[in-house]
Amino acid sequence: MFVGRAVELALVRGALRAAGGGLARTIAIEGPEGIGKTALLRHALAEAAGDRAVCGGTAGRNMGCGGTAGRNMGCGDAGCGDAGCGSAADGSTEESAGRREFGETVGVQVLAASGDEEERRLRFGVVRQLLGEVAQDDPWSVGQAVFDELERLQAARPVVVVVDDAQWADRPSLQALAFALRRLRAGRVLALVSCRDLADEWLPQGLRRLLTGGEALRLTLAGLTAADLARLAGQVPAGSGEPAAGPLTARAAARLREHTSGNPLHARALLATHTARRLADPGVRLPAPGTFARPFARRLRAGDARTRALIAACAVLGDPCDLHVAAAVAAALDSRLPAYEAETPPAGDPATASSGVAAWPVAAPEAGGGVARVEALDALEGGVNAGVLEERPGRTVAFRDPLARAAAYGMLGAGARARLHLAAARVVEDTGTALRHRAAAADGPDETLAEELVGFAAKEAQHGLWLEAAAHLELAAGLSEPATTRDELRTAVLEHVLLGGDVVRADELAAAAGPDPRPERRYVLGRLALAAGRFDEAAESLAEAWRDRAPGFAADTAEQLAWLHLVRGDRQAAASWARLAIEQPIQGPAGRPYDVLALSGEPLQGRPHDAPAPPALPVAAGRSRDVPAAQGGPSGGLAGAVRCLRGDDAGAASALLARAVTAEERAGLPHHRLLAGALLAVAEYRDGRWADAVARGERVLAEARELGQRWLLPCLEAVCVAPLVARGEHERALAHASAARAAAREMRHAMGEAAADVAMALLEGGDEPAVTPHAAAATGDPFVPDPRPRLVELLVAEGRLGEAEQELAGLAGVAGQARQARLRGLLLAARNAPAEAEASFEHALGLAAEGRDPLEEGRVLLDLGRLLRRTGRRRAAAERLRAAREVFVRLGAHPLVAGCAQELEACGLEPSGTVRLGLTPQEFSTARLVADGRTNRQIARELLISVKTVEYHIGKIYTKLGIGSRVALASRLAALGDTP
């Protein structure tokens, strides 16, 4: 399976087509070892043949596909045997040595050669691969021979010349190739040259100019994307001793991409030896695969002791680090070490298991001490020249490749690692970093260090750094000797990871953690189950935690029970548990009980019958309780914004929610930030900012999916529907509504199912599902529009006026005044009271303008225009309808724009095509001439305008109609019957 490289493949295909038409082309492909240059060449040529077969042959002298001058490098040689031999299963890796041959494509002759590091000095070795024997001995005569042969071959059919790994080719062959390619101005020839770096001085200057100039197409291959690596993972066979990675989560793929820079060769090596869980686990240090570590070790051995010691110090300190700090740490490798801990790590150590490279030998530093006593700049220069380090502004140092640090660290012996970490702990300024270095140097339990880590984690938690605190608590657990302390700390780790929003990681930790019988763990497991959408499990765990609660966890347990009842559709119980959480004397740092009260509707009095006053119990180790009161009070934050949304004050809600998003970001609580972000998208939709609402809603949804916050998904999916429906993007809206319904039913998420039903009703127009019990249950749910105004409209349209009036009466004090006045106008118009209806619409128009509600203003203008047209006042109706259309065009409400167009067309005052397409008369005239096949200059002459004005009109037409070509415009006009 070949993954990625869609753009590069398309460019090669285009060049091959051009060459087939007689236009000679040259493509230069560059990228580091393993990036997939050879794979791209093979796949492109195999594609032209209609299959994926390549002629690889054996790794012998001619690989079974040699030949004399004029013989094609195809599969006709008896030595090849199998057209598919030697090809990679996925086409994404690149061999580092040996010649590679490319199969002959249908109708195309292929001449292929590749450089070899061991044959770099073999004169005309590459040309001999292309032509066979070479009679001349100077590059220009040989180049002329290459040119003559290409001329002869291309007369019969197109020719593809492939030179792979040009950096290892002999210079005479490269000079001859440059001579021949410069003369191929025309002809059915495509030259494909791959090289690690086109700036490599080994390449002759003439060839470099040819490949990097304007005559050649230059393709620089970057690493594969995380999505490509995820697809690649399913194709990698299991390695020895450990299963293949298997399907990767988005997180694992992203981490693999960051670690390998997307290099497919190195990624495949890790995929063959690491499971998907290990790849996703931030607590697992990923090693450098052997494909990288072996050549890296060879490079290091060529350097001096000072350089190797500096590189080791940088590997321990991490990227980037100050040079003077790295030099001070490197001084730990002093003359006491006759060699750099040349010991082999324990069997199965992941740091070296995949590389096959033993700890790297470093001779003792020169007389006078370690690197700190010699010129650190000399050591840095050595690291830079070795291609390992790079100097950055401010005299900081970093590795050129993330794998270089992993390789350098993996080659350290245990003793050297400990000495370097201890040296780093003494010189770094950051307390947390120093603690981590001390923990890395520990050789066993250390209760004092564990206590320091716990104390530092508590300070981080107070600043909202939950995931960082969890990492330090995990280190403390590893340094604690009593099993009970370790279990308590691991429960604290689980809670901190969960508060940091990472449900996926928390699930993994919960599966691996040891037994902890305390009720605190039941609370944490219940919170985890709720976030993961396992509501039955959450109910059981939280009930047990409440029964044996401690004061430090009572408020959090009650709040989680409130959220659980809310998503299950029991608003009364949710409000009761939220009030009970507020009453607790010790509040948790992440509690938001007022948010539950707001989302549940009118707060209710009372408490659950089984909720006695909690007993006094001590606070658990590793948990911060330094907060004075419940967060998110009744007058501000998300709770206040919900009240504003219910009162149709979208502007005030937007301001409150923007502040809430910022506050929750500062508090490090993604689950609350996601809720606030979703409601901010709702406020933006109601405020007429539909594009912003869609973008924010889908961004919040994507983050919730990535974090595993499944309990939020139904509501977040539903949030995206209304603005998409308003913009006429029904397919995207349907996808979100369907996903909301599926997720809600899977989890038995009553609140989400109600929101999904409302979302579906928005898509289904006037169908009966708008009045389902689930939709009625969503009344007051701020995540979706209130279904009752739509129900009133449906009832009026169906002539059920008594029921409509009853529903309208129920909206008093709930829906916005402008909306109520508009609905009253519809009801009066249906009862044949046009004067009273018009007065009600005019009143609604004033209220909408005062409330800055553009959508409602447009709806009032549209309904008023309909009324005026139906009572015979067509010009007054057209004035209102045009105003409504301007509002809807500004909002991007394409369905409502179409509704205005239909009404205006019924008035008979505008050309039907202009109205339906939403174009100005000048734009419509331009569109008709474009559809007639006129050029821009012809249109300009006919309309007496400039060519630039024509171009401007066409651009506006394309934007308004959502098209990108003249053919599409002609089709659109033809569908309306408005072609000339």
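Note that the structure is a prediction, hence the values are computed from the model and not measured.

Let us look at the overall build of the chain. Across its full length, the chain holds 48 helices and eight strands. Taking all 980 residues of the chain together, 54% fall into the buried category. Intrachain contacts of the chain at a sequence separation of at least 6 include 69% that bridge at least 24 residues. Carbon and sulfur atoms form 52% of the exposed surface of the chain, whose accessible area is close to 40,700 Å².

This brings us to helix α13 (residues 323–330). Judged by how many residues are buried, α13 sits mostly within the fold: six of eight residues are covered. Inspection of α13 places L323, V325, A326, A327, V329 and A330 among the buried residues, and these make up the whole buried set. Contact partners of the buried residues in α13: α12 (305–317), β6 (321–322), α15 (376–385), β8 (396–399) and α17 (414–427).

Moving on, we come to a nonpolar patch on the surface. On the surface, V7, L11 and L217 cluster together into a nonpolar patch covering about 230 Å² of accessible area. With respect to the helices and strands, V7 occurs in helix α1 (residues 6–20). Taking the relative accessible area as the measure of exposure, V7 reaches 58% and is therefore exposed.

A word on unusual backbone geometry. Cis peptide bonds are those with omega within 30 degrees of zero, and the linkage from D319 to P320 qualifies with -25°. Locating P320 in the fold gives a position in the loop between α12 and β6. A positive phi is found at F124, a non-glycine position, where the angle reads about 60°. Relative to the assigned elements, F124 resides in the loop between β2 (109–114) and α3 (125–131). The buried category is assigned to F124, whose relative accessible area is 1%. With a phi close to 50°, D165 is a non-glycine residue in the positive phi region. Along the chain, D165 falls in the loop between β3 (159–164) and α5 (171–182).

Moving on: the pattern of salt bridges. According to the stated counting rule, one finds 41 salt bridges in the structure shown. Across the salt bridge formed by D304 and R306, the nearest N and O atoms sit 3.6 Å from each other. With relative accessibility at 30%, the residue D304 sits in the partly exposed group. Through salt bridges with shared partners, one network takes in E793, R819, R822, E856, D863 and R866.

The residue A829 is located in helix α39 (residues 817–830) in this model. In the structure, A829 is positioned 11 residues away from S840 in sequence and 9.8 Å away in space, judged by C-alpha atoms. In contact with A829, not counting residues within four places along its chain, are A837 and L867.

Attention shifts here to the packing of aromatic side chains. Under the criterion given, the structure shown has five aromatic pairs. Between W563 and W711 the ring centres are 5.5 Å apart and the planes differ by 85°, which places this aromatic pair in the edge-to-face class. Of this pair, W563 sits in helix α25 (residues 551–567) while W711 is found in the loop between α31 (690–707) and α32 (713–719), placing the two residues 148 residues apart along the sequence. Take W563 and W711: they sit in the same class, and that class is buried. In this arrangement the basic side chain of R171 is found over the ring face of W202, its NZ or CZ atom lying 5.5 Å from the centre. For R183, the ring lying beneath its charged end belongs to F179, and the centroid distance is 3.6 Å.

Before going further, it helps to spend a moment on the sheet that holds β8. The strand order across the open sheet built from three strands is β6-β8-β7, with neighbouring strands paired in antiparallel fashion. Taken across any chain shown, the strands that pair with only one partner, and hence form the sheet edges, are β6 and β7 (389–392).

This paragraph deals with the side chain of H736. The topology assignment puts H736 in helix α34 (residues 730–747). Among residues more than four places away in sequence, those in contact with H736 are E698, L701, E717, C720, V721 and L724.

Overall, parallel pairing links the five strands, which are arranged β2-β3-β4-β1-β5 in an open sheet. Of all strands in the sheet, those with a lone pairing partner are β2 and β5 (217–220), marking the two edges. Direction aside, neighbouring strands of the sheet carry axes that sit 15° apart on average. In this sheet, strand β4 (residues 189–195) lies alongside strand β1 (residues 25–30) in parallel orientation, the contact comprising six bridges.

What follows covers the packing of helix α21 (residues 483–499) against helix α22 (residues 503–512). In the contact formed by α21 and α22, the axes pass within 8 Å of each other and the chain directions differ by 165°. Compared by their axis directions, α21 and α22 come out roughly antiparallel. Between α21 and α22 lies a crossing whose hand is left-handed. Here α21 contributes V493, L494, V497 and L498 to the contact with α22, which in turn contributes V503, R505, A506, L509 and A510.

The side chains of a regular strand alternate, residue by residue, between the two faces of the sheet. Summarising burial for β2: six of the six residues are buried, a large majority. Side chains Q109, L111 and A113 project from β2 onto one buried face, and the interleaved V110, A112 and S114 project onto a second face that is buried too. Sheet topology note: the β2/β3 ladder contains six bridges and is parallel. Directly across from A113, in β3, lies its bridge partner V163.

Let us now look at the nonpolar core. Counting residues in hydrophobic clusters, the biggest one holds 98 residues, and the most contacted among them are L494, W563 and F783. When neighbours within four sequence positions are excluded, F783 is seen to be in contact with L599, L675, A678, L679, V682, C715, V719 and M751. Counting residues in hydrophobic clusters, the runner-up holds 45 residues, among them A327, L389, Y409 and A424.

Here we come to the packing of α5 against helix α6 (residues 205–212). Axis separation between α5 and α6 bottoms out at 8 Å; the angle between their running directions is 45°. The angle between the axes of α5 and α6 places the two elements in the oblique class. The crossing of α5 and α6 is left-handed. On α6, the residues that touch L174, A178, L181 and R182 of α5 are G206, L207 and L210.

Our next topic: the environment of G591. Note on placement: G591 falls in the loop between α26 (571–583) and α27 (593–599). G591 sits in the buried class, given a relative accessible area of 3%. Each C-alpha atom of the pair G591 and T557 lies 9.5 Å from the other, and the pair is 34 residues apart in sequence.

Going through the model one piece at a time under the given rule, you end up with zero disulfides. Here C321 is not cross-linked by a disulfide; its sulfur's nearest cysteine counterpart is in C314, at 3.8 Å. A relative accessible area of 6% means that C321 is categorised as buried.

Right, let's talk about the confidence of the model for the chain for a bit. Here the chain averages 79 in pLDDT, while 81% of its residues score no lower than 70. Taken element by element, the chain is modelled with least confidence in helix α14 (residues 350–353), mean pLDDT 38, and with most confidence in α32, mean pLDDT 95. Across residues 335–373 the pLDDT falls below 50, and counting only partners more than four positions away or on other chains, this stretch makes 83 contacts in the model. Low pLDDT, under 50, characterises residues 604–621; the predicted model gives this stretch 37 contacts beyond four residues in sequence or across chains.

What counts, and where the lines are drawn
Residues numbered from 1 in each chain as written. Predicted model: local features only at pLDDT ≥ 70, side-chain atom pairs only at ≥ 80, totals over all residues. Heavy atoms only, no water. Helix = DSSP H or I, 4+ residues; strand = E, 2+ residues; numbered from the N terminus. Buried < 20%, exposed > 50% of the residue type's maximum accessible area, 1.4 Å probe, protein only. Contact = heavy atoms within 4.5 Å. Areas by Shrake-Rupley, 256 points an atom, 1.4 Å probe, with all protein chains shown as cover. Patch = residues over 30% accessible without salt bridge, like charges linked within 9 Å, V, L, I, M, F, W, Y side chains within 5 Å. Salt bridge = Lys/Arg side-chain N within 4 Å of Asp/Glu carboxyl O. Phe/Tyr/Trp six-rings, centres within 6.5 Å; stacked < 30°, edge-to-face > 60°. Lys NZ or Arg CZ within 6 Å of the ring centre and 35° of its normal. Pairing = 2+ DSSP bridges. Axes fitted to C-alpha atoms, helices over the stretch in contact; angles between N-to-C directions. Parallel < 35°, antiparallel > 145°, perpendicular 65-115°, else oblique. Left-handed = near helix turned anticlockwise from the far one by under 90°. Core = buried A, V, L, I, M, F, W, Y, C linked by side-chain atoms within 4.5 Å. Disulfide = S-S within 2.5 Å. pLDDT = per-residue confidence, 0-100.

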